[in-house]
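# Observations on chain architecture
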Amino acid sequence: MRFSIIKREPSYFFNNMHEDLTRFLKDTFGDMEFMDKGHTPLEMTFRPAIEVKETPKDYKIKIELAGVKKEDIDVDLYENGIIVHAQSKFEKEEEKENIHTSEFRYGKFSRTIPLEHLINTDNAKSEFKHGILKITLEKKEPEKNEAAKKLRIDD
């Protein structure tokens, strides 16, 4: 067995380290909030927790959207999945006090949730209570195929 030596620049191995580490931290801890000089949280994209459960008849999806108003949530339904958009807005207070620490998340959120089975978009149901968006998506019945046809093989 022969091996060839490939010369690489040392930076080759570290080119994507920052992006990989940032992605790991975001997936693990969510986005960190940054404040501008006026101590106002800057809007960022955030990634709330989701849960997708499947039953024989439907999908049940929960999305944690604490601090988001119902009117700031949009859900697009497709036969093979959904896309959820939401926005949590920073509300300025009239008082002249500065925020020293804020761990609340503000910003936009968009998440595509692909589904294995086709869904009936006409029978989708949702409710939003206590910061949790619950979506129930009924699975579409598979279309019944006609009886198998024989293929004649020509010479």
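First, a word on scope: everything that follows refers to the structure included in this document. Every chain is numbered independently, its residues counted from 1 as its sequence is written. Thresholds applied to this predicted model are a pLDDT of at least 70 for local features of residues and 80 or more for the giving and counting of side-chain atom pairs; totals over whole chains, interfaces and linings are not thresholded and use all residues. Values reported for side chains reflect all heavy atoms of the structure, with hydrogen atoms and water molecules removed beforehand.

## A few points about the overall build of the protein
Helical segments are the DSSP runs of H or I of at least four residues, strand segments are the runs of E of at least two, and each set is numbered from the N terminus. Counting secondary structure elements, the protein contains 1 helix and 7 strands. Taken from N to C terminus, the helices and strands of the protein fall in the order α-β-β-β-β-β-β-β. Of all 155 residues assigned to the protein, the portion counted as buried reaches 23%. Whether two residues are in contact is decided by their heavy atoms, any of which lying within 4.5 Å being enough. The contacts of the protein with a sequence gap of at least 6 include a subset with a gap of at least 24, amounting to 58%. In these tables, accessible area is a Shrake-Rupley quantity obtained with a 1.4 Å probe, and a residue counts as shielded only by the protein chains included in the view. Put simply, the protein shows about 13,500 Å² of open surface, and 51% of that area lies on carbon and sulfur atoms. Residue exposure (1.4 Å probe, protein chains only): buried if accessible area is under 20% of the type maximum, exposed if over 50%, otherwise partly exposed.

## Things to note about the packing of aromatic side chains
Two rings from Phe, Tyr or Trp (for Trp, the six-membered ring) form a pair when their centres are within 6.5 Å of each other. A pair whose planes differ by under 30 degrees is stacked, one over 60 is edge-to-face, and the rest are tilted. Enumeration over the complete set of coordinates arrives at 0 aromatic pairs. To sit over a ring, a charge needs its Lys NZ or Arg CZ within 6 Å of the ring centre and within 35 degrees of the ring normal. Sitting over the ring of Tyr-59, Lys-139 keeps its end group 5.4 Å from the ring centre.

## A word on the nonpolar core
Only buried residues count toward a nonpolar core, which is a set of Ala, Val, Leu, Ile, Met, Phe, Trp, Tyr and Cys residues joined through side-chain atoms within 4.5 Å. By size, the foremost hydrophobic cluster in this structure holds 16 residues, and its most contacted members are Ile-61, Ile-63, Leu-65, Ile-82, Leu-133 and Leu-137. Excluding residues within four positions of it along the chain, Leu-137 makes contact with Asp-58, Tyr-59, Ile-61, Leu-77, Ile-82, Leu-115, Ile-119 and Ala-124.

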